[in-house]
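A look at the structure
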Number of protein chains: 2
Amino acid sequence: MKIVCNRQELLESLNGVSRAVSTKSSIPAIEGILLKCSNDTVILTAYDLEIGIVTSFVADVKEPGEIVLNSRLLIDMIRKMSSETVTIDADSELKAQITGGITKFSFVGIPASDFPEMPIPDAENTLTLKASVLKEMIGKTIFAVSTSDQKPVHTGTKFIMNNDSLTMVSVDGYRLAVCTQKVDFSNDNKSFIVPAKTLSEVTKLMGEGEEDVNIGIARRYGVFQLNNYTVITRLLEGDFLDYKKSIPEGFKTRVKIGVRELFDAVERASLIINDRFKSPIKFVFEDNRTVVTCATALGNAYDEIICDTEGDAVEMGFNNRYVLDALRNCGCDEVYLEIGGPISPLKMVPVQGNDFLFLLLPVRIKTAD
Amino acid sequence: MKIVCNRQELLESLNGVSRAVSTKSSIPAIEGILLKCSNDTVILTAYDLEIGIVTSFVADVKEPGEIVLNSRLLIDMIRKMSSETVTIDADSELKAQITGGITKFSFVGIPASDFPEMPIPDAENTLTLKASVLKEMIGKTIFAVSTSDQKPVHTGTKFIMNNDSLTMVSVDGYRLAVCTQKVDFSNDNKSFIVPAKTLSEVTKLMGEGEEDVNIGIARRYGVFQLNNYTVITRLLEGDFLDYKKSIPEGFKTRVKIGVRELFDAVERASLIINDRFKSPIKFVFEDNRTVVTCATALGNAYDEIICDTEGDAVEMGFNNRYVLDALRNCGCDEVYLEIGGPISPLKMVPVQGNDFLFLLLPVRIKTAD
């Protein structure tokens, strides 16, 4: 196998697929990238058995062939190479020589036959949407994905295609994030659960957001096509929370509040929380102001925010990180907080539109100050 | 104690002195900053028993007094405060209230009497030099300071004042860095050893380099005055290497070589070195070129650099990190490498001027390739 190619192009493609390279494995092949060279095209594949990424670029293929090269080593070498043209030459004994100008590296590759077979699911193209839309929807839901192994199906985000809308839902037992957007699709209603890790890598592979993303679904696999990359992912299976049932109807208190102001106040109050000294943040929602307080062995914090409140005054406690996550990802300047009572979940929705809904479970607080 | 002051001014001063706050200590007072307030001035002191930093700023002192406040907590609070004016109010029970606009924090301080007594050495002002000059001299020597506890005196840099020049010397057993500059001073010849940690903090406290730095020396302490900060440091005592004796006279080979080219080649060759697979970088200095190679179980690297060589061809091995450190800190485009033979130390000096001299011990390499 021998190719001559542009250094920058090779490097970008390697960086892209390397997101699916396993960083710690006992199988050397999946710490590598598979190069398949033929017909002036190089196809790069990385696959860690959960997620696979494929891309290709045009190169001067002097001699077709395939080999697996260690990802970290290859990328570091190409990155540091001083010439703009790079030659990769692998002999039949798998000795690969990487040459750029006067610089030469050589190291031993891994036979392509050792690379795990990646499923190429026969997916129907179920859905096409703008990268910018998908990016925003992922941003508004991924933070609420469970990081615990207790319920593996909740380590992913559920995609629900229904009529002309796509809804994405994440839940970790303490909070719920739902995001809905209108999309065009001609297929049947369908739902599937994508691992959060895949969504996070897909986000990083998306460019400025102008391009389309195709999402294809096969029986146990999902295929994202974007930006000259194909991302193949295992889907999660199991009983996902019936999220609609968890969302309370109506409210007794509704607060219209500035996102930045509330975020800053909670962040300040969080200064007296640390790994050793923990306490919920206490909110008092009352006429035209929200009082934010926190008390730990380290000290006390007090803040007030001017806001619009309808309904009953109410006092509630929340985990500071969950409040900060929701406010950081809501993507708007003002939200409604809708509350059924001091121990009901708090519903956060935008003041304009209805593209997201976040639900936060309160923490029981001592009523005496 | 009660003061009203500008948030930004307070924050900058706190950040400056906080470099001398102990981060892990069983004594709460030295994790704090001492505030002494009187006559419209606040004096801030941090002292971890090795290095002390003092600064002051003008504030509206409503009620004089002193208290020690936890550094991390106070700085975080002041940083996040939304108003530009901050009030610090501590009562006789040491309860401190930090107020900015509507935001209020309260936490318990530590009595000033718990703060360790910092030596205020009666130092003569031995030496004054431009911050930019001191910064450059520190940069050219600090990288070669020993990080091992085996010979504590070598964890500092030796300052030698001799006639009208200042020489700074660091050594760690494998390499030596010497930097000399002309300076004006009227006192006697003198030498002292400053801990590298102090020099590193002094560098960070220096501004753009236009201001003067005063270095005063007492029996066991050094005092750096710069930029409204006073840094007091313990000096190191013990037998410092007689560095002049270690520098070989003359050479059999002299190479004039580009710093960037050599750095890049060594950095590339270093890609096949890791924690598990180590090997020296091999240099062959010969007529008009330097060949840089390295071989480990990971692979091989080969590079060539065009250069001017006088004298015998020679083959030597070096620890890659030591070569990179020297080239990164030499501050010039071209250096001379002066070599007495394959097992003599390599002397690196500037092509123009003579402000630095780096000495690197070679590593024995197998002569067969």
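Presented here is a report on the structure given in the accompanying data block.

Thresholds, definitions, all that
- Residues numbered from 1 in each chain as written.
- Chains lettered and ligands numbered in written order.
- Predicted model: local features only at pLDDT ≥ 70, side-chain atom pairs only at ≥ 80, totals over all residues.
- Heavy atoms only, no water.
- Least-squares fit on C-alpha atoms with pLDDT ≥ 70 in both.
- Pairing = 2+ DSSP bridges.
- Helix = DSSP H or I, 4+ residues; strand = E, 2+ residues; numbered from the N terminus.
- Axes fitted to C-alpha atoms, helices over the stretch in contact; angles between N-to-C directions.
- Polar contact = N/O pair within 3.5 Å; in protein donor to acceptor, adjacent residues only side chain to side chain.
- Contact = heavy atoms within 4.5 Å.
- Core = buried A, V, L, I, M, F, W, Y, C linked by side-chain atoms within 4.5 Å.
- Buried < 20%, exposed > 50% of the residue type's maximum accessible area, 1.4 Å probe, protein only.

With that out of the way, let us pick up the relation of the copies chain B and chain A. For the pair chain B and chain A, the superposition axis carries a translation of 0.0 Å, the fit reaches an RMSD of 0.0 Å, and the rotation angle comes to 180°. The relationship between the two copies is best expressed as a two-fold rotation axis.

A separate point is the sheet that holds strand S20 (residues 289-296) of chain B. Pairing is antiparallel in the open sheet, where nine strands are placed in the order S5(A)-S1(A)-S7(A)-S8(A)-S9(A)-S21(B)-S20(B)-S19(B)-S23(B). Every other strand in the sheet has two partners, leaving strand S5 (60-63) of chain A together with strand S23 (314-318) of chain B as the edge strands with one partner each. Between one strand axis and the next, the sheet turns through 15° on average, direction left out of account. Here S20 of chain B pairs with strand S21 (residues 299-306) of chain B via eight bridges, running antiparallel. If you follow Ala-295 of chain B over to S21 of chain B, its bridge partner there is Asn-300 of chain B.

Okay, the side chain of Asp-303 of chain A next. With respect to the helices and strands, Asp-303 of chain A occurs in strand S21 (residues 299-306). A distance of 2.7 Å separates the side chain of Asp-303 of chain A from the side chain of Thr-103 of chain B, its partner in a polar contact. Setting aside residues up to four positions removed in sequence, Asp-303 of chain A forms contacts with Ala-265, Arg-268, Thr-290, Val-291 and Val-292 of chain A together with Ile-102 and Thr-103 of chain B.

Right, let's talk about the nonpolar core for a bit. By size, the foremost hydrophobic cluster in this structure holds 102 residues, and its most contacted members are Ile-88, Ile-98, Leu-134, Phe-159, Ile-215 and Phe-224 of chain B. The element best represented in this core is helix H6 (residues 259-269) of chain A, accounting for six residues. In this structure Leu-134 of chain B touches Leu-129, Phe-159, Met-168, Val-202, Met-206, Val-213, Ile-215 and Phe-224 of chain B, once residues within four positions along its chain are discounted. Counting 101 residues, the second-largest nonpolar core is a separate cluster that includes Leu-73, Ala-90 and Leu-134 of chain A together with Cys-294 of chain B.

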